[in-house]
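This is what each chain is made of:
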Amino acid sequence: MRRALWYVVHEVVFASALFPFYRLKRWLLRLFGAHAGREVIIKPRVRIKHPWRLSIGEHTWLGEGVWIDNLGPAQK
């Protein structure tokens, strides 16, 4: 169920070029289990395969069109 819900959220919010709201994107990533540090900027059309395996440091910028194919667990 979590993967199906992530797929919908991902396509509407992250993969779309029409959704530039960084705070909401950080909040959604955290809701799905990612560690996203302070001031993370996520530009439009970013693809993230498994947010529950993702760890992004503070003051990080994910540029437009980035594809994160995180197949292994996040390093802590």
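Structure's up top.
Just so it is clear, the model here is predicted, and its values are computed rather than measured. (Residues numbered from 1 in each chain as written. Predicted model: local features only at pLDDT ≥ 70, side-chain atom pairs only at ≥ 80, totals over all residues. Heavy atoms only, no water.)

### Comments concerning the packing of helix α1 (residues 2-14) against helix α2 (residues 22-31)
Our working definition: Where helices are involved, their axes are fitted lines through C-alpha atoms of the stretch in contact, as for all axes, and angles between N-to-C directions lie from 0 to 180°. A run of H or I in DSSP counts as a helix once it spans at least four residues, and a run of E counts as a strand once it spans at least two, with each numbered from the N terminus. Reported orientations rely on four angle classes, namely roughly parallel under 35 degrees, roughly antiparallel over 145, roughly perpendicular from 65 to 115, and oblique for the rest. Put simply, a crossing is left-handed when the front helix is turned counterclockwise from the back one by less than a right angle, and right-handed when it is turned clockwise. What makes two residues a contact is simply this: any of their non-hydrogen atoms within 4.5 Å. Polar here means any residue other than Ala, Val, Leu, Ile, Met, Phe, Trp, Tyr, Cys and Pro, which are nonpolar, and Asp, Glu, Lys and Arg, which are charged; Gly is therefore polar.
Two elements in contact, α1 and α2, have axes separated by 12 Å at closest approach and are oriented at 165°. When the axes of α1 and α2 are compared, the pair comes out roughly antiparallel. Judged by the twist between their axes, the crossing of α1 over α2 is left-handed. The segment α1 lies against α2, with Trp6, Val9, Val13 and Phe14 engaging Lys25, Leu28 and Leu29. Of the residues that constitute the contact of α1 with α2, the class distribution is six nonpolar, no polar and one charged.

### Section: the packing of aromatic side chains
Selection criterion: Classification of ring pairs uses Phe, Tyr and Trp, with its six-membered ring standing for Trp, and accepts pairs whose centres are within 6.5 Å; under 30 degrees between planes counts as stacked, over 60 as edge-to-face, and the remaining range as tilted. Each residue is placed in one exposure class: buried if its accessible area under a 1.4 Å probe, protein chains only, is under 20% of its type's maximum, exposed if it is over 50%, and partly exposed if it falls in between. Charge-over-ring contacts are defined here by two conditions on Lys NZ or Arg CZ: a distance within 6 Å of the ring centre and an angle within 35 degrees of the ring normal.
A complete count under the given rule lists three aromatic pairs for this structure. Each ring, one from Trp6 and one from Phe14, has its centre 5.2 Å from the other, and the planes form 50°; the classification is tilted. Grouping residues by exposure puts Trp6 and Phe14 together as buried. Their ring planes at 65° and their centres at 5.0 Å tell us that Trp6 and Phe32 sit as a pair that is edge-to-face. Here Phe32 lies in the loop between α2 and β1 (35-36) and Trp6 lies in helix α1, a separation of 26 residues in the sequence. Overall, the relative accessible area of 8% leaves Phe32 in the buried class. Against the face of Trp52 rests Arg2, its NZ or CZ located 4.1 Å from the ring centre.

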